[in-house]
Amino acid sequence: MNIFPRCCLAIALPLLLSACEEPRQSAAPANTEEAPAAAPAVGTKAPEPLSIPYEKFTLDNGLRVIVHEDSKAPIVSVGVWYHVGSKDEKPGRTGFAHLFEHLMFNGSENYDDEFFKPFEQAGATGMNGTTWLDRTNYFETVPKNALDMALWMESDRMGHLLGAITQEKLDEQRGVVQNEKRQGQNQPYGKVWEQMQKSIFPEGHPYSWTTIGSMEDLNAASLDDVHQWFKTYYGAANTVLVLAGDIDVETAKEKVGNYFADIPAGPPLVKKKAWIAKRDQSSREQMFDRVAQSRLYKVWNTPNLSHADANAVALAAAVLGEGKNSRLYKRLVYKDQLATNASVNLYEFELASIFQVVADAKPGVELAEVEKAIEEEVARFLEEGPTAEELQRVNMSAYAGAARNLEQIGGWSGKGVTLARGELYLGDPNAALKALTEKQQLTPQQVRAAAQEWLSNGDYNLEVHPFPEYKVADASADRSKLPDTGEFPSVPFPELQTAELANGLKVVLAERHSVPVADMRLIFDAGYASDLGKKLGTASYAMSMLQEGTTTLSALEISAKKEMLGARIYSGANVDISDVGLNALSANLDESMALFADIVLHPAFSEEEIERKRGRWLAGIQQEKTKPIQMALRSLPPLLYGEDHAYGVPFTGSGTEDSIQSLTRDDLVQYHETWLRPDNATLVAVGDITMDALKAQLEKHFADWQKPEAPLPRKNLAQIAHPDSARVYLIDKPGAEQSIIIGGLLAPSEKLPGAEAIHMMNDILGGTFTSRINMNLREEKHWAYGAYSFLTGAVGQQPYLVYAPVQTDKTKESLAELQKELNAYIANRPAQQDELEKIKSKRINELPGRFETIAAVARAAADIVTYERPLNYMDGYAQRIRDIDLERVHQLAGEVIKPDRFTWVIVGDKKKIADGIESLDIGPVAELDADGKQLEGSAVASGQ
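Residues numbered from 1 in each chain as written. Predicted model: local features only at pLDDT ≥ 70, side-chain atom pairs only at ≥ 80, totals over all residues. Heavy atoms only, no water.

A. Looking closely at the nonpolar core. Among the nonpolar cores identified, the biggest contains 91 residues, and Phe 100, Leu 243 and Phe 260 are the most heavily contacted of them. Counting residues in each nonpolar core, the second largest holds 70 residues, with Val 686, Ala 747, Leu 791 and Leu 886 among its members. (Core = buried A, V, L, I, M, F, W, Y, C linked by side-chain atoms within 4.5 Å. Buried < 20%, exposed > 50% of the residue type's maximum accessible area, 1.4 Å probe, protein only.)

What follows is the structure in structure tokens.
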């Protein structure tokens, strides 16, 4: 069940450190020195080097343009990367880069409206904007016929923005950003980065403050400050534009010249150079937060992106802390069981990089014991270095990930991003891919030497660049109106082939030979719903145990084999299905399928692995009880469905502490035998394989899989009536920076014919960035960083949820506004024709980019199977959308939305919000504990 939609600005992803900051392990760049001798080969030979073909040109105003032609789909990814980030700010004026990112979405001089509107109507996908320490970037993927519109919009805000920035807009976005900061700080460990950056870098270092800035600096930002910031940093000569997709260089030169050549270059800039700020002594700080587990951050300042040691340090990070077979995971989590998680994150930047070890202590274990084990493993690595096999494993894993990313032109990790980052930071669009090859040539001795240089001391412990002459061309673009997007291309969904094996296993295949990868998803009709009458969490726990060992392979052997094959295997469950997935390189398909079958058919469910996981699982449940969103999502389902319904279980699927404590090996074996059977399964395959080849693989590796004689159990998906009146439940989280408001109501099944109409009805109200609810609470009131409504998808009645994380002192007012929007939508302010046409345009015009990747096709095919839709469901999709009229939307709104029947769960500081909630008189107010149980005799009002 997909609880949160994917949204522009990552608004509905509150669990991230920050929506516009993106901490993740980066690929290291090419070294500038001559490559060393190749490391000794182990097992398979090194793969062929990866590279993205491109052409580069520079306009007279300094704008650098990278063009990559990929005509597999009629779409073009547009990426605009400004070489400015929070490192370019000054103390006392922090947060400007990120605040300006928000302002650039609020209209320009020739299009003074929400930036997203024309893109939504054009069907743009993968659209977002982010800011971090060194850069600000904007990107979107559009149908090729909408490219002129996209370039017009991007060039208009690059060259024609200041006249549209008003005091009102500044105040509005200042409030939005401050809510974003509150939202990040409201999460467990949400204040770590601010404290860590301030402590690991000296005062005045450009990395010593966070990208989102301080509340005081944001309040101090004036309109003059903002205008000067734009004039300084947003010139053409400080920017890289990447066009990737169905476009050639000549077309790119014509269009880019038309829209961008008249934009000023901007003033000469002083470019900051490397400042690693390596420390010589250890330091330690302690902070407190409302969390379930103690966590240790051990951090070193390490070489910047262009440093000669960058690749070697990246390999050291991977060997020490990337995946189950990493040194730290095996020692802390697997062997000694001191921690529930241990990893290394390497954040690579222009001036310096951050090498961060993170470990969560297992409940009952002191952090000192965890730290002692970490220090022992780091010391052993510094003395011995990595093995050749370890380097081959992590290099293959990185190579496989990069190879898969080459399928996509845009988004967060496609070819456009790879080219832009390489050019912006290192002047080489292919720098990241070259680094993969250079890493493969590094020897264990070279990696050890780099680690000894940078990791031997200076650990911080938290227990939490003459300028060319430019000229500007005469303006040639007509800026009186947006370019016409023209006729949109037709993009058929791949044909779904079907077959059935003798054992009852159904097979669905969509061939896609764009990259040498095949994706398999074995879907079982089970899921959390199969837990009813059993121990809650059994489905999720059992599925997670599949990769913890088979009758012939241990968990670590499975992990190592996957990495050697470059394969990805996952297993898990949602409310309706349990599934096991394989994503394999075509060259290694046979061996990967053998491993896949072994995991599905022969799980060991060893007592040792069950107990090893149990402690981590219980810690995970405890963490859920400290995260406001999870607290609400654990409590809401039993209130909506009742405890006798198959869906009346926590939406997280993790179960309860009591149920997991009592879970036995027999319970897991019984679950596997009962539900994971061929007559209860459908294999959905997408990618570089034919049906004959697929059947041959299945018959080879699943030959012994037979269906049992016992009939399948039935899940209780009985129809549930709405409650007689609205209900409000409060979960107290003292000191919470925000209140999380989630309202729930039962809606028809996703299997209902014409389900798209229900989703379109909801899109107008709360399903898109420009929907009514988000425009109200985010853009007009700026009480929330984002607020939405959505249908979660289910075979039975599905939850219809309204979600709003709001500032604490506006909890009452926000809830009242949500009630107002719900009531108006079915009464005095129903959906309007222009709103419906906007949603139609978005859903139809996004089709060219919607199914670009194998994974996207696989997800759609899996939905077709799960919700029993016709195999040709996508063939008439666009016409079905066109046929939905306003009368149908009004009818569905009246049938689905019942404002006086909602069940509201609000997580926040009871002392600050309870009286206001009660005064709204929405319905009876009761208090729940962290387990979702109603407190007897609870009086919610703070004065009682």
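What follows continues from the structure just given.
B. Spatial organisation of helix 7 (residues 223-233). Along helix 7, the residues that are buried comprise Val 226, Trp 229, Phe 230 and Tyr 233. The arc that holds the buried residues of helix 7, viewed along the axis, is 95°, so those residues lie on one side. Residues of helix 7 that are buried sit in contact with helix 1 (96-103), helix 3 (147-159) and helix 4 (167-185). (Helix = DSSP H or I, 4+ residues; strand = E, 2+ residues; numbered from the N terminus. Arc of directions from axis to C-beta. Contact = heavy atoms within 4.5 Å.)

C. Spotlight on the packing of helix 12 (residues 388-405) against helix 14 (residues 431-441). At a closest axis distance of 10 Å, the pairing of helix 12 and helix 14 adopts a crossing angle of 160°. Judged by the inter-axis angle, helix 12 sits roughly antiparallel to helix 14. Read as a crossing pair, helix 12 and helix 14 show a hand that is left-handed. Taking contact as the criterion, the partners of Asn 395, Ala 398, Tyr 399 and Ala 402 in helix 12 are, on helix 14, Leu 433, Leu 436, Lys 439 and Gln 440. Grouping the constituent residues of the contact of helix 12 with helix 14 by class yields five nonpolar, two polar and one charged. (Axes fitted to C-alpha atoms, helices over the stretch in contact; angles between N-to-C directions. Parallel < 35°, antiparallel > 145°, perpendicular 65-115°, else oblique. Left-handed = near helix turned anticlockwise from the far one by under 90°. Nonpolar A, V, L, I, M, F, W, Y, C, P; charged D, E, K, R; others polar.)

D. Geometry of the packing of helix 24 (residues 755-767) against helix 26 (residues 811-825). For the pair helix 24 and helix 26, interaxial distance at closest approach is 11 Å and the crossing angle is 140°. The orientation of helix 24 with respect to helix 26, classified from their angle, is oblique. The chirality of how helix 24 crosses helix 26 is right-handed. Contacts from Met 761, Ile 764 and Leu 765 of helix 24 reach helix 26 at Glu 821, Leu 822 and Tyr 825. For the contact of helix 24 with helix 26, the class distribution of residues is five nonpolar, no polar and one charged.

E. Broad picture of the sheet that holds strand 18 (residues 727-732). Strand order in the open sheet made by the six strands is 20-21-19-22-18-23, with mixed pairing throughout. Only two strands of the sheet have a single neighbouring strand rather than two, namely strand 20 (788-791) and strand 23 (925-928). Ignoring strand direction, the axes of neighbouring strands in this sheet form an average angle of 20°. Running at roughly 35° to strand 19 (residues 738-749), helix 20 (residues 628-641) makes contact with strand 18, strand 19, strand 21 (797-807), strand 22 (903-908) and strand 23 of the sheet. (Pairing = 2+ DSSP bridges.)

F. Representation of helix 9 (residues 310-321) within the structure. Its 12 residues place the ends of helix 9 16 Å apart at the C-alpha level, agreeing with the 16 Å of an ideal helix rising 1.5 Å per residue. Burial of helix 9 is extensive: 12 of the 12 residues sit out of reach of the surface. Of the residues making up helix 9, those classed as buried are Ala 310, Asn 311, Ala 312, Val 313, Ala 314, Leu 315, Ala 316, Ala 317, Ala 318, Val 319, Leu 320 and Gly 321. Just downstream of helix 9, Gly 323 is the residue with a positive phi angle, here 90°. (Expected span 1.5 Å × (residues − 1).)

G. Just the pairing of strand 10 (residues 353-361), in detail. Here strand 10 lies mainly inside the structure; nine of its nine residues are buried. Of the two faces of strand 10, the one carrying Ser 353, Phe 355, Val 357, Ala 359 and Ala 361 and the one carrying Ile 354, Gln 356, Val 358 and Asp 360 are both buried. Looking at chain direction, strand 8 (residues 295-302) and strand 10 are connected through eight bridges and run antiparallel. For Arg 295, the partnering residue across the bridge sits in strand 10 and is Asp 360. Both strand 9 (residues 339-348) and strand 10 contribute to a ladder of nine bridges, which runs antiparallel. Considered in strand 10, the bridge of Ala 339 is made with Ala 361. Between strand 9 and strand 10, which follow one another and run antiparallel, lie four residues.

H. Representation of the packing of aromatic side chains within the structure. In this structure the tally under the stated criterion is 27 aromatic pairs. Judged by centre distance (5.8 Å) and plane angle (80°), the ring pair of Trp 300 and Phe 355 falls under edge-to-face. Linking Trp 300 in strand 8 with Phe 355 in strand 10, this pair joins segments that are 55 residues apart in sequence. Since its relative accessible area comes to 4%, Trp 300 is described here as buried. Three or more aromatic residues joined by ring pairs form one cluster here, namely Tyr 82, Phe 100, Phe 105, Phe 115, Phe 116, Phe 119, Tyr 138, Phe 230, Tyr 234 and Phe 769. The ring of Phe 105 has Arg 157 sitting right over it, with the charged end atom 5.0 Å from the ring centre. In this structure, Arg 850 packs its charged tip against the face of Tyr 877, placed 5.3 Å from the ring centre. (Phe/Tyr/Trp six-rings, centres within 6.5 Å; stacked < 30°, edge-to-face > 60°. Lys NZ or Arg CZ within 6 Å of the ring centre and 35° of its normal.)

I. Broad picture of the sheet that holds strand 9. Across the sheet, which stays open at both edges, the five strands sit in the order 7-11-8-10-9 with mixed pairing between neighbours. Both outer strands of the open sheet, strand 7 (283-285) and strand 9, are each paired with one neighbouring strand and no more. Within this sheet the neighbouring strands show an average axis-to-axis angle of 15°, counted without direction.

J. Just the pattern of salt bridges, in detail. Under the defined criterion, the tally for this structure stands at 58 salt bridges. Ionic pairing is found between Glu 852 and Lys 72, a salt bridge with its closest N-O pair at 3.3 Å. In this structure, the salt-bridge partner of Glu 371 is Arg 284, at a minimum N-O distance of 2.7 Å. With Glu 371 in helix 11 (residues 367-384) and Arg 284 in strand 7, the pair connects residues that are 87 residues apart, well separated along the chain. For Glu 371, a relative accessible area of 8% translates into the label buried. Here the salt bridges share partners, and the residues they tie into one network are Arg 331, Asp 336, Lys 372, Glu 376, Glu 377, Arg 380 and Glu 384. (Salt bridge = Lys/Arg side-chain N within 4 Å of Asp/Glu carboxyl O.)

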